[in-house]
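# Topology and contacts: notes
Chain residues, written in single-letter form:
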Amino acid sequence: MISSAPREAALSGAATDDPDEPVWSFHARRERWRAETYDAELISIAEDQPRRAIWMRCEDGAVFAPYDGGFDLFPTSWETVNHLKAEWPDWLSGHSGGL
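Residue numbers here run from 1 along each chain, matching the order of that chain's written sequence. The predicted nature of this model means local features are confined to residues of pLDDT at least 70 and side-chain atom pairs, given and counted, to a pLDDT of 80 or more, with totals for whole chains, interfaces and linings taken over all residues. Hydrogens and water molecules were not included; the side-chain quantities draw on all heavy atoms of the structure.

Right, let's talk about the environment of Ser44 for a bit. Note on placement: Ser44 falls in helix 1 (residues 39–46). The contact criterion used is simple: two residues touch if any of their non-hydrogen atoms lie within 4.5 Å. If we skip the residues at most four places from it in the chain, Ser44 touches Gln49 and Arg51. Elements are defined by DSSP. Helices are runs of H or I of four residues or more, strands are runs of E of two residues or more, and each kind is numbered from the N terminus.

Below you can see the structure in the form of structure tokens.
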């Protein structure tokens, strides 16, 4: 883990009167993952509530990105990719690339 990284960071896009121009905000917090801690957030995302979140592992940058239809994983090594494919083959789509 990068010990010199700030514990929290927040950024926001400029507000606009244009309804077609999205306003974004970003908040990051370094925190240890604990089972059941984020159940409410995950349920909210799964039910397509207006909430988006991703989790990134500080040690290697791997990303877990849930959405209303499931989740995406972005591992940072082929070893991890191959392990996940072998361990959880039913998670892969029917697409030839497993996407």
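This paragraph deals with the pattern of salt bridges. Here, a salt bridge means any Lys or Arg side-chain nitrogen found within 4 Å of an Asp or Glu carboxyl oxygen. By the definition in use, this model includes two salt bridges. For Arg29, the salt bridge is made with Glu31, and the minimal N-O distance between the two is 2.6 Å. Among the salt bridges present, the one from Arg57 reaches Asp60, with a minimum N-O distance of 3.5 Å. When a residue's accessible area, from a 1.4 Å probe over protein chains only, is under 20% of the maximum for its type it is buried; when over 50% it is exposed; and in between it is partly exposed. We classify Arg57 as partly exposed; its relative accessible area is 44%.

Surface patches are defined over residues having more than 30% relative accessible area and no salt bridge, joining like charges when they lie within 9 Å and nonpolar side chains (Val, Leu, Ile, Met, Phe, Trp, Tyr) when within 5 Å. Computed with the Shrake-Rupley method and a 1.4 Å probe, the accessible areas treat only the protein chains shown as cover for residues. Positive: Lys, Arg. Negative: Asp, Glu. His and the chain ends are not part of the count. Charged groups are reduced to one reference atom each: NZ for lysine, CZ for arginine, CG for aspartic acid, CD for glutamic acid. There is a patch of like negative charges on the surface, built from Asp17, Asp18, Asp20 and Glu21. Summarising the element assignment, Asp20 is placed in the loop between strand 1 (8–12) and strand 2 (25–29). Taking the relative accessible area as the measure of exposure, Asp20 reaches 69% and is therefore exposed.

Attention now goes to the sheet that holds strand 4 (residues 63–67). Strands sit in the order 3-4-5 across an open sheet of three strands; the sheet is antiparallel. Across the chains shown, the open sheet's two edge strands, defined by having one partner strand only, are strand 3 (55–56) and strand 5 (70–74). Sheet topology places strand 4 next to strand 5; five bridges connect them, and they run antiparallel. Bridging from a neighbouring strand, Tyr67 pairs with Gly70 of strand 5. Every axis in this analysis is a line fitted to C-alpha atoms, fitted for helices over the stretch in contact. Angles between the N-to-C directions lie between 0 and 180 degrees. Running over the sheet, helix 1 touches strand 3 and strand 4 and is turned about 50° from strand 4. Pairing between two strands is assigned when DSSP locates at least 2 bridges connecting them.

Before going further, it helps to spend a moment on the packing of aromatic side chains. What counts as a ring pair is set by centres within 6.5 Å for rings of Phe, Tyr and Trp (its six-membered ring), and what kind of pair is set by the plane angle: stacked under 30 degrees, edge-to-face over 60, tilted for all other angles. One pass over the full model with this rule turns up seven aromatic pairs. Aromatic pair Trp55 and Phe64: ring centres 5.8 Å apart, planes at 40°, arrangement tilted. We classify Phe64 as partly exposed; its relative accessible area is 22%. Taking the centre distance of 4.7 Å and the plane angle of 10° together, the rings of Trp88 and Trp91 count as stacked. In this structure Trp88 comes out as partly exposed when scored by relative accessible area, which is 39%. Taken together, the ring pairs connect Trp33, Tyr38, Trp55, Phe64, Phe71, Trp88 and Trp91 into an aromatic cluster.

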